[in-house]
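# Descriptive analysis of the structure
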Amino acid sequence: MTDSITSRASATSRGRPALPALVAVPEDVFAGRYWGLEPLISRSADLPGELGDLFDVAAVDELVSRRGLRAPFLRVAKDGRTYGDREFTAGGGVGAAIADQVSDDKLLRLFADGATLVLQGLHRTWPALIDFTQRLSGELGHPVQTNAYITPSQNTGFDDHYDVHDVFVVQVAGEKRWRIRPPVHRWPLRDEPWTAHRDAVRTAAAEPPMLELTLQPGDCLYLPRGYLHSATALGGVSTHLTIGVHVWTRRHLADELATLALTRASRDPALRVSLPAYADVTRGGELRDDVDLARAALVRALESLDADDVAAALGRRVRDAQRPEPVSPVAQTEAAAALSPDATLRLREHLVARIEEAPDGSALVRSRAGDLRLAAADVPAVRRLLDHGSAGVADLGLDLARRLLLTGLALPGDPA
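Please read all numbers here as calculations on a predicted model, not as lab measurements.

Here the focus is the overall build of the protein. Broken down by element type, the protein carries 14 helices and 18 strands. Sorting the 416 residues of the protein into buried and exposed places 43% on the buried side. Considering only intrachain contacts with a sequence separation of at least 6, the fraction spanning at least 24 residues in the protein is 80%. Counting only carbon and sulfur atoms, one obtains 52% of the accessible surface of the protein, whose full area is about 20900 Å². The centroid of the 48 positive side-chain charges in the protein is displaced by 3 Å from the centroid of its 56 negative side-chain charges.

Pasting the structure below:
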């Protein structure tokens, strides 16, 4: 198959950009000076004021008391200790016999006793944050998640630690005093948590912070991965959002290169040949010539790869790392059934769609909505939809338009 990447119409978002709501510097300044390098504090007065619409204290109570959340969507901690799930969950009762639903009664007692509540995965459970994180991820080109931390007055939910992802800390309510210290392990990878450097973190935490500040409602703090931090609520309950950016790194490129090179090298007959009879594979001296041959085969395979090969392989991980714009199954099915030739479809947001063409002219559309196989006659119309973000049903044809709706590649209506 030949491969064709669509325009960024499927990755960009309708509505206002998300990043300017978080940083009080121009986007190019943020990208060049701060991104991955140093903290940035943006005060509410210098931001457009959109952050207050994302989340509030009432949303916390609604989520833990009325939404039937289960344990993975909540953590509870106090004085550096994380509570076990059974300490804040209970059965759901008749008709919802699930043993690990969040218990508002248990949470009331724990929170009143000074525990911090951590609502996890809000990019999957709270509508305003679903939309915002999808926009931000589309702009930055990196996967994004969102948690909320609700801390009682004068309590520190977690001791000094670092994160393995960048974060935007948005103060929602109350005030929180933050202490920031330089990294003890620069640019940690996802498999290098702070607990792997516990002694160094403990030693650094005893030193004066490089930055100490109080966040007030509407303020935003950007912290690159690796910076040590801890925070204490001041004068009342404090609620803040942590918008985590799970950055792609050159290590990810190396991972894909190694995997692709091994697959390609495995086709080399020189690598497939058996080792000599009676070989002792525990003795380096006996293996030296064979290791040299294997290394040479891997080097040849690595040198045969280019950036397009890596991008195609990484594309699969990119699609799995984030979700597309929400779709309403019932409404979508009804819209497909009632579709008329004068209607318009719009491309579903955040699909990261790619067309892979076959020699016979047919194609496969790969996206976060799954795969859709196209006949050769349908490829030009779908390519226009992906390139421009919308298309008329008359141009697509009723049958193809219904397929696009029922596979979740398109939604009814004009772009907003």
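Attention shifts here to unusual backbone geometry. Even without being glycine, Tyr278 reaches a positive phi, approximately 70 degrees. Tracing the backbone through its elements, the reader meets Tyr278 in the loop between α8 (269–272) and α9 (284–304). With relative accessibility at 82%, the residue Tyr278 sits in the exposed group. Even without a glycine there, the phi angle at Val352 is positive, about 50 degrees. Assignment of secondary structure puts Val352 in the loop between β13 (344–347) and β14 (354–357). Residue Val352 is classed as partly exposed on the basis of its relative accessible area, which comes to 27%.

Let us now look at the sheet that holds strand β18 (residues 410–412). With respect to topology, 3 strands assemble into an open sheet ordered β17-β13-β18, the strand pairing being antiparallel. In this open sheet, the two strands that pair with only one neighbour each are β17 (390–392) and β18. With direction set aside, neighbouring strand axes in the sheet form an average angle of 30 degrees. Examined bridge by bridge, β13 and β18 share 3 bridges and lie antiparallel to one another. Each residue of the ladder has a partner; that of Arg346, found in β18, is Leu411.

Moving on, we get to the packing of aromatic side chains. Overall, the coordinates contain 6 aromatic pairs when judged by the stated rule. When the centroid spacing of 6.1 Å and the interplanar angle of 65 degrees are considered together, the rings of Phe30 and Trp35 count as edge-to-face. Plain terms: the ring middles of Phe30 and Tyr222 are 5.0 Å apart, the flat faces sit at 75 degrees to each other, and that makes the pair edge-to-face. Taken as a pair, Phe30 in helix α1 (residues 27–34) and Tyr222 in strand β11 (residues 220–223) lie far apart in primary sequence, 192 residues in all. Accessibility classification places Phe30 together with Tyr222 in one group, the buried group. Through successive ring pairs, a cluster of aromatic residues spans Phe30, Trp35, Phe168 and Tyr222. In this structure, Arg81 is placed above the aromatic ring of Tyr83, and the distance from its NZ or CZ to the ring centre is 4.3 Å.

Here the focus is the pattern of salt bridges. Applying the stated criterion across every chain, the model contains 19 salt bridges. A salt bridge links Glu50 to Arg16, with the nearest nitrogen and oxygen atoms 3.8 Å apart. One end of the pair, Glu50, is in the loop between β2 (40–42) and α2 (57–66); the other, Arg16, is in the loop between β1 (2–5) and α1, with 34 residues separating them in the sequence. Between Arg67 and Glu62 there is a salt bridge whose closest N-O contact spans 2.7 Å. Of the residues examined, Arg67 reaches a relative accessible area of 40% and is grouped as partly exposed. For Glu62, a relative accessible area of 30% corresponds to the partly exposed category. Put simply, Glu356, Arg366 and Asp371 are held in one network by salt bridges that share partners.

Among the structural elements, Arg368 can be located in the loop between β15 (363–367) and β16 (370–374). Despite its burial, Arg368 pairs with no opposite charge; the closest candidate is Asp320, at 7.4 Å N-O. Among the polar contacts made by the side chain of Arg368, one reaches the main-chain carbonyl oxygen of Val318 at a distance of 2.9 Å. Those residues in contact with Arg368 that sit more than four places away from it in its chain are Val318, Arg319, Gln322, Arg323, Pro324, His350, Leu351 and Val352.

The next point concerns the pairing of strand β7 (residues 116–119). Because side chains alternate across β7, one face comprises the buried residues Thr116 and Val118, and the other comprises Leu117 and Leu119, equally buried. Here β7 runs beside strand β8 (residues 144–151); their pairing, made up of 3 bridges, is antiparallel. Following the sheet pairing, Val118 is matched in β8 by Tyr149.

Okay, the nonpolar core next. Formed by 46 residues in total, the largest nonpolar core has its most connected members in Leu22, Phe55, Leu119 and Phe168. Ignoring sequence-local partners within four residues, the contact set of Leu119 consists of Phe55, Val60, Leu63, Val64, Leu69, Phe73, Leu74, Thr146, Asn147, Ala148 and Ile150. Judged by nonpolar contacts, the second largest core, of 25 residues, contains Leu345, Leu351, Val365 and Val382.

Attention now moves to the confidence of the model for the protein. On average, residues of the protein score 92 in pLDDT, and 95% of them are at 70 or above. Scored below 50 in pLDDT, residues 1–13 makes 41 contacts in the model with residues more than four places away or belonging to other chains.

Reading the values: the criteria
Residues numbered from 1 in each chain as written. Predicted model: local features only at pLDDT ≥ 70, side-chain atom pairs only at ≥ 80, totals over all residues. Heavy atoms only, no water. Helix = DSSP H or I, 4+ residues; strand = E, 2+ residues; numbered from the N terminus. Buried < 20%, exposed > 50% of the residue type's maximum accessible area, 1.4 Å probe, protein only. Contact = heavy atoms within 4.5 Å. Areas by Shrake-Rupley, 256 points an atom, 1.4 Å probe, with all protein chains shown as cover. Lys, Arg positive; Asp, Glu negative; His and termini not counted. Charge placed at Lys NZ, Arg CZ, Asp CG, Glu CD. Pairing = 2+ DSSP bridges. Axes fitted to C-alpha atoms, helices over the stretch in contact; angles between N-to-C directions. Phe/Tyr/Trp six-rings, centres within 6.5 Å; stacked < 30°, edge-to-face > 60°. Lys NZ or Arg CZ within 6 Å of the ring centre and 35° of its normal. Salt bridge = Lys/Arg side-chain N within 4 Å of Asp/Glu carboxyl O. Polar contact = N/O pair within 3.5 Å; in protein donor to acceptor, adjacent residues only side chain to side chain. Core = buried A, V, L, I, M, F, W, Y, C linked by side-chain atoms within 4.5 Å. pLDDT = per-residue confidence, 0-100.

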